[in-house]
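Chain by chain, the residues run as shown.
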Amino acid sequence: MSAHLEIDLDAIRHNVRTLAALAAPSRTMFAVKADAYGLGMVQVARAGLEAGADSLAVLDVPAALMLRDAGVTAPLFAWLHGVATDFGAAIDADVDLGVSSLGELTRIADAAGDTPARVHLKIDTGLHRNGADPETWPELVSTACALERQGGIRIAGLWSHLADASPADDAAALAEFHAAVAVAAALGVPVEGPDRVLLHLAASSAGIRMPEARFDLVRFGIAAYGVSPFDDVRAAGLGMRGPVTLTAEVIAVEGDLALLDVGSADGLPPSVLGGGRPGAEVLLAGARARVTGMTVDTTTVHLASGHAAHEGAEAVIYGTGDRGEPTVEDWADWAGTIGDEILARASRRIPRRYVG
């Protein structure tokens with residue numbers, strides 16, 4: 001197929017550098033989960049580290065081990081674990097592990113050998129994705145302290161996720177996190193002084209607009225990929241650059257319709273064709289063309305009066321917006337979803353081309 005995805009690593013570097021400067025003096029943890037939202041975890045991770053990220057966040061241990069196998073030596077953090085997770089391999093590879101329950105903590109301690117496992121204890125502050133609830137938090141912390149005294153683990157951090165549902169919800173979650181940190185401190189976890197553990201709560205949204213939630217580090221994710229975490233401002237308004245351009249080829253023209261060689265199997269959302277929202281568009285021959293149909297392999301666009309296209313012409317599905325083309329955020333609006341999904345949907349059958 002002629003469709004391809006161009007990924008501008010200089011844009012990733014710019015975004016990470018901008019976000020790191022905003023969060024300073026807090027450290028920057030760059031999230032490269034979901035294969036860096038489909039852009040290629042190893043390449044994107046290296047670009048983020050070159051731009052000043054202090055550490056990397058991945059979803060699970062296998063992803064962390066892939067980065068280690070690729071030669072990445074920066075601190076890594078993995079936080080979502082299944083029952084078959086190889087904690088021993090993670091410990092040997094010096095991967096920090098998020099811990100959400102007593103069962104996870106016990107399995108990690110059992111896997112530790114001569115080298116203690118570095119763990120970050122998670123309190124659920126309202127997202128309800130994982131993490132200990134306030135009732136089980138004291139037991140998790142006290143057990144971790146006991147295991148640390150025995151040499152099996154080292155408590156490296158206390159952390160949580162914000163739901164980012166509303167400013168009021170985030171303020172309440174911040175208060176819950178402070179309360180959990182106070183409980184941990186009372187149980188013997190050092191949260192102040194030179195040997196204190198890391199405290200981290202904020203991701204892109206709170207990292208940008210909620211400085212009181214930045215603590216020791218901010219886990220920047222989607223903002224670094226050129227997608228705004230807010231409804232009231234686009235990524236460009238935050239100083240971010242879009243790193244991704246998806247192009248396709250016109251493979252047939254019939255009257256005022258042009259057929260492109262990219263479809264839903266390549267990650268384009270068919271939901272852009274319904275739902276009562278404005279219709280999706282692409283940039284073709286210098287003008288916008290409206291999407292009127294989609295199959296798994298193709299997309300049909302309508303050429304307005306006076307708009308000519310020919311077989312072999314390039315259509316820009318989404319890009320930076322600098323040439324008048326739609327952006328990832330535009331496609332998210334048309335599909336009734338979020339930019340994260342548009343990025344991550346891009347199929348692996350679309351060739352990737354890295355620039356910068």
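Presented here is a report on the structure given in the accompanying data block. (Residues numbered from 1 in each chain as written. Predicted model: local features only at pLDDT ≥ 70, side-chain atom pairs only at ≥ 80, totals over all residues. Heavy atoms only, no water.)

1. Here we look at the overall build of the protein
- The secondary structure content of the protein amounts to 11 helices and 16 strands.
- What you see for the protein is a C-alpha radius of gyration of 23 Å, in line with the 21 Å of a compact globule of 356 residues.
- Across its three principal directions, the C-alpha atoms of the protein cover 75 × 40 × 30 Å.
- Classification of the 356 residues of the protein by burial places 52% in the buried group.
- Look at the contacts in the protein between residues 6 or more apart in sequence, and 63% of them connect residues 24 or more apart.
- Of the roughly 14800 Å² of accessible surface on the protein, 52% is carried by carbon and sulfur atoms. (Helix = DSSP H or I, 4+ residues; strand = E, 2+ residues; numbered from the N terminus. Rg over C-alpha atoms; globule rule 2.2 N^0.38 Å. Buried < 20%, exposed > 50% of the residue type's maximum accessible area, 1.4 Å probe, protein only. Contact = heavy atoms within 4.5 Å. Areas by Shrake-Rupley, 256 points an atom, 1.4 Å probe, with all protein chains shown as cover.)

2. Thoughts on the pairing of strand β14 (residues 299–302)
- Relative to β14, strand β11 (residues 257–260) runs antiparallel, the two sharing four bridges. Bridge assignment links Leu-259 to a residue of β14, and that residue is Thr-300.
- Adjacent in sequence and paired antiparallel, strand β13 (residues 287–294) and β14 are bridged by four residues. (Pairing = 2+ DSSP bridges.)

3. Notes on the pattern of salt bridges
- What the rule picks out here adds up to 14 salt bridges.
- Ionic pairing is found between Asp-10 and Arg-13, a salt bridge with its closest N-O pair at 2.7 Å. Note that Asp-10 and Arg-13 are positioned in helix α1 (residues 9–23) at a spacing of three residues, about one turn of the helix.
- Residue Asp-10 is classed as partly exposed on the basis of its relative accessible area, which comes to 36%.
- Looking at Arg-13, the relative accessible area reads 15%, which means it is buried. (Salt bridge = Lys/Arg side-chain N within 4 Å of Asp/Glu carboxyl O.)

4. Quick notes on the nonpolar core
- Formed by 113 residues in total, the largest nonpolar core has its most connected members in Leu-158, Tyr-225 and Trp-331.
- Ala-31, Phe-77, Trp-79 and Leu-217 belong to the second-largest nonpolar core, a separate cluster that totals eight residues. (Core = buried A, V, L, I, M, F, W, Y, C linked by side-chain atoms within 4.5 Å.)

5. Some points on the packing of α1 against helix α3 (residues 41–50)
- Between α1 and α3, the shortest axis-to-axis distance is 8 Å and the interhelical angle comes to 45°. When the axis of α1 is compared with that of α3, the two are oblique. Crossing hand, α1 versus α3: right-handed. Residues Leu-9, Ile-12, Arg-13 and Val-16 of α1 form the contact with α3, whose own contacting residues are Gln-43, Val-44, Ala-47, Gly-48 and Glu-50.
- A per-class count over the contact of α1 with α3 returns five nonpolar, two polar and two charged. (Axes fitted to C-alpha atoms, helices over the stretch in contact; angles between N-to-C directions. Parallel < 35°, antiparallel > 145°, perpendicular 65-115°, else oblique. Left-handed = near helix turned anticlockwise from the far one by under 90°. Nonpolar A, V, L, I, M, F, W, Y, C, P; charged D, E, K, R; others polar.)

6. Topic: unusual backbone geometry
- In the segment running from Ala-24 into Pro-25, the intervening peptide bond is cis, with an omega of 10°.
- Position of Pro-25 among the secondary structure elements: in the loop between α1 and β2 (27–31).
- Phi at Asp-94 is positive, roughly 60°, even though this residue is not glycine.
- Relative to the helices and strands, Asp-94 is located in the loop between α5 (87–92) and β5 (95–99).

7. A short note on the pairing of β2
- The element β2 is largely enclosed, with a buried count of four among its five residues.
- By the bridge criterion, four bridges tie β2 to strand β9 (residues 217–220) in an arrangement that is parallel. Among the inter-strand pairings, Arg-27 is bridged to a residue of β9, identified as Leu-217.

8. What about the packing of aromatic side chains?
- A complete count under the given rule lists seven aromatic pairs for this structure.
- Summarising the aromatic geometry, the rings of Trp-331 and Trp-334 are spaced 5.8 Å apart at their centres and angled 70° between planes, so their arrangement reads as edge-to-face. Here Trp-331 and its partner Trp-334 are both found in helix α10 (residues 328–335), three residues apart, which amounts to about one turn of the helix. Accessibility classification places Trp-331 together with Trp-334 in one group, the buried group. (Phe/Tyr/Trp six-rings, centres within 6.5 Å; stacked < 30°, edge-to-face > 60°.)

9. Observations concerning α10
- Most of α10 is tucked away, with seven of its eight residues classed as buried.
- All of the buried residues along α10 are Val-328, Glu-329, Asp-330, Trp-331, Ala-332, Trp-334 and Ala-335.
- Residues of α10 that are buried sit in contact with β12 (281–284), β13, β15 (314–318) and α11 (339–345).
- Looking one or two places after α10, you find Gly-336, whose phi comes out positive at around 70°.

10. Side note on the side chain of Ser-160
- Within the secondary structure, Ser-160 sits in the loop between β7 (153–159) and α8 (167–186).
- Residue Ser-160 is classed as buried on the basis of its relative accessible area of 1%.
- Of note is the side chain of Ser-160, whose polar atom sits 2.9 Å from the side chain of Thr-125.
- Excluding residues that lie within four positions of it along the chain, Ser-160 makes contacts with Lys-122, Ile-123, Asp-124, Thr-125, Phe-177, His-200, Leu-201 and Arg-219. (Polar contact = N/O pair within 3.5 Å; in protein donor to acceptor, adjacent residues only side chain to side chain.)

11. Some points on the packing of helix α7 (residues 137–150) against α8
- Closest axis-to-axis distance for the α7/α8 pair is 9 Å, and the angle between their directions is 40°. On the basis of their axis angle, the class for α7 and α8 is oblique. Read as a crossing pair, α7 and α8 show a hand that is right-handed. Contact residues: Trp-137, Pro-138 and Val-141 in α7; Ala-180, Val-183 and Ala-184 in α8.
- Broken down by class, the residue content of the contact of α7 with α8 amounts to six nonpolar, no polar and no charged.

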